[in-house]
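Read off the chains here:
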Protein chains: 2
Amino acid sequence: MRLTRDHVVAVALDLLDEVGLEHLTMRKLADALDVRNGATYWHFRSKQALLEAMADALLAGLPAGLPAGQPWDELAAHVARRLRQALLSRRDGARLFSGSFFPLPNALAYGETMVGLLVGAGLDHRAATWATDTLTYYVVAHVTEEQLTAALPDGGQAARVRLDAALDPDRHPHLLAARDDLAAPHPTAHFDHGLALVIAGIRSSRDRSTS
Amino acid sequence: MRLTRDHVVAVALDLLDEVGLEHLTMRKLADALDVRNGATYWHFRSKQALLEAMADALLAGLPAGLPAGQPWDELAAHVARRLRQALLSRRDGARLFSGSFFPLPNALAYGETMVGLLVGAGLDHRAATWATDTLTYYVVAHVTEEQLTAALPDGGQAARVRLDAALDPDRHPHLLAARDDLAAPHPTAHFDHGLALVIAGIRSSRDRSTS
DNA sequence: ACCTGAACACCGTTCAAGT
DNA sequence: ACCTGAACACCGTTCAAGT
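Only a predicted model underlies this, so the values are computations on that prediction, with no experimental measurement involved.

A:Arg2, A:Trp42, A:His43, B:Arg27 and B:Tyr41 are the nearest of the 18 residues found near DNA strand D. Per the 4 Å cut-off to the protein, sugar and phosphate atoms form 62% of the nearby atoms of DNA strand D. One of the side-chain N or O atoms of A:His43 is found 2.5 Å from a phosphate oxygen in DNA strand D. Take B:Tyr41: an N or O atom from its side chain is 2.6 Å from a phosphate oxygen of DNA strand D. No other element matches the 3 residues that helix α2 (residues 26–33) of chain B contributes to the surface near DNA strand D. Residue classes in the surface near DNA strand D are distributed as 7 nonpolar, 6 polar and 5 charged.

So this is what it looks like as structure tokens:
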């Protein structure tokens, strides 16, 4: 069967789930596609171009319609949660996405939705754009951390031991008091908490500028 | 001269400024140190261990004392700005830092300072920890983007042309209206805007829980 | 203890040659 | 047009052997 860009991307995403971004190589991909090593370079200029196509595929159909009759802050939380889900749908999805510089179609659609929604809430275009950046930074960075800790060996046991060893009662009293929350045992609650924080910030900066 | 861990880290950071994280290799580092290729492995278990030592060196002396008599939100902004400066001090500093899983001494000191400051503002330990996470995610993600765009060839001219080509008046009216703010021509103003947003969110969530 | 020499098992990318 | 075969110029890491 002849290769197509879509097929290469689909197989590459499956391979990503299997081996992780670190070990995703063009040679393993060629094996998975049952072709020789240089074949994919006829369809993609470089590995980077393939990774960007994969990143955009991750976001496919992301903001397919907003729920009607909701206030703007609910909508913003909804879109942010959908972005998180899209990034979580594949191993290392967040790092894959943040490695893309190119303006990708689905990423633009996401941005347009979020900026439009915030403009509807009363922000001017600059404030809406920068607030979208802040929200997106938050989502991507959170999911990056989430996926890194999920990939730890031993379910993170060794990491927790190292953390305990590094924490000193004299120098880190507050971190020790928060020790059980540092290990991030509730990623979704953790995510929602920070998301509500950022949205509350958007709300208060909007109220300040329109009052 | 014999190698020391500190000397290896210092030369590695200079090499990082010169070639960027992508092209920082153990072989180039050995050349810069004027030793043969495997020598650094006597001092660092792996490249990853070296990168983590470099990341911690980046944060050296980061929160060396807080200004006295300031309200908590000023202090939080101060610490966040110092983190940004530390990450900006070396090429790809933000990506270097976000690639570290290990609990590094200077990173812990930063976290202790920020959590303590927020506890002082009236947050409980969990809220203070998660707010610190949100702030840190924001700073690291913002500086990552900042350093990626700063490293673009042509001063980002080609990237701007690609963005204009990708924006469609019918599908991206809001992004087009915000086009001049998308290119991020004022990184510090952009950073401060988002920082104020997150801090305002922390303030409002604190007010909600203490009222 | 600290480093060299040399190898092992990989990489991304290119490109003439085949079909 | 699309892919193979084979090479180029690299990688991180290991480890016996030297000093």
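When the UniProt feature table is mapped onto this chain numbering, "DNA-binding region" (unreviewed entry) sits at residues 25–44 of chain A. What you have in residues 25–44 of chain A is 40% helix and 0% strand, and the ends, taken at the C-alpha atoms, are 14 Å apart.

The next thing to look at is the protein's contact with DNA strand C. Taken together, 18 residues are adjacent to DNA strand C, and A:Arg27, A:Tyr41, B:Arg2, B:Trp42 and B:His43 come closest. Each atom of DNA strand C within 4 Å of the protein belongs either to a base or to sugar and phosphate, the latter forming 63%. Note that a phosphate oxygen of DNA strand C is positioned 3.5 Å from one of the side-chain N or O atoms of A:Thr25. For DNA strand C, a phosphate oxygen lies 2.9 Å from a polar atom in the backbone of B:Leu3. Considered class by class, the residues forming the surface near DNA strand C number 7 nonpolar, 6 polar and 5 charged.

Residue and element names in this part refer to chain A. Counted by the stated rule, this structure contains 22 salt bridges over all chains. We note a salt bridge from arginine 81 to aspartate 192, for which the minimum N-O separation is 3.1 Å. Pair noted here: arginine 81 is in helix α4 (residues 72–88) and aspartate 192 is in helix α11 (residues 187–210), with a separation of 111 residues, a long-range link. Taking relative accessible area as the criterion, aspartate 192 reaches 27% and is therefore assigned partly exposed. Three or more residues joined by partner-sharing salt bridges are found here, namely Asp14, Asp17 and Arg90.

A separate point is the relation of the copies chain B and chain A. Between chain B and chain A, which share one sequence, the superposing operator has a rotation angle of 180° and an axial displacement of 0.0 Å; the RMSD is 0.0 Å. The symmetry that links the two subunits is that of a two-fold axis. Identified as the residue of chain B closest to the rotation axis by C-alpha distance is B:Gly201, at 1.8 Å. Interface residue correspondence from chain B to chain A reaches 100%, placing this contact among same-surface, isologous pairings.

Let's shift gears to the interface of chain B and chain A. Contact residues are listed per partner, giving 50 residues for chain B and 50 residues for chain A. For the pairing of chain B and chain A, the buried interface totals around 4,600 Å² over both sides, and the portion due to carbon and sulfur atoms is 70%. Viewed at the interface, chain A and chain B are joined by 2 salt bridges. Taking the shortest distance from any N to any O, the salt bridge between A:Arg126 and B:Asp181 comes out at 2.9 Å. Counting the contacts that link chain B with chain A gives 8 residue pairs in polar contact (both at pLDDT 80 or more).

Thresholds, definitions, all that
Residues numbered from 1 in each chain as written. Chains lettered and ligands numbered in written order. Predicted model: local features only at pLDDT ≥ 70, side-chain atom pairs only at ≥ 80, totals over all residues. Heavy atoms only, no water. Near = heavy atom within 4 Å. Polar contact = N/O pair within 3.5 Å; in protein donor to acceptor, adjacent residues only side chain to side chain. Helix = DSSP H or I, 4+ residues; strand = E, 2+ residues; numbered from the N terminus. Nonpolar A, V, L, I, M, F, W, Y, C, P; charged D, E, K, R; others polar. UniProt positions renumbered as here; feature names shortened; annotations may be inferred. Salt bridge = Lys/Arg side-chain N within 4 Å of Asp/Glu carboxyl O. Buried < 20%, exposed > 50% of the residue type's maximum accessible area, 1.4 Å probe, protein only. Least-squares fit on C-alpha atoms with pLDDT ≥ 70 in both. Contact = heavy atoms within 4.5 Å. Buried area = accessible area lost by both parts, 1.4 Å probe.

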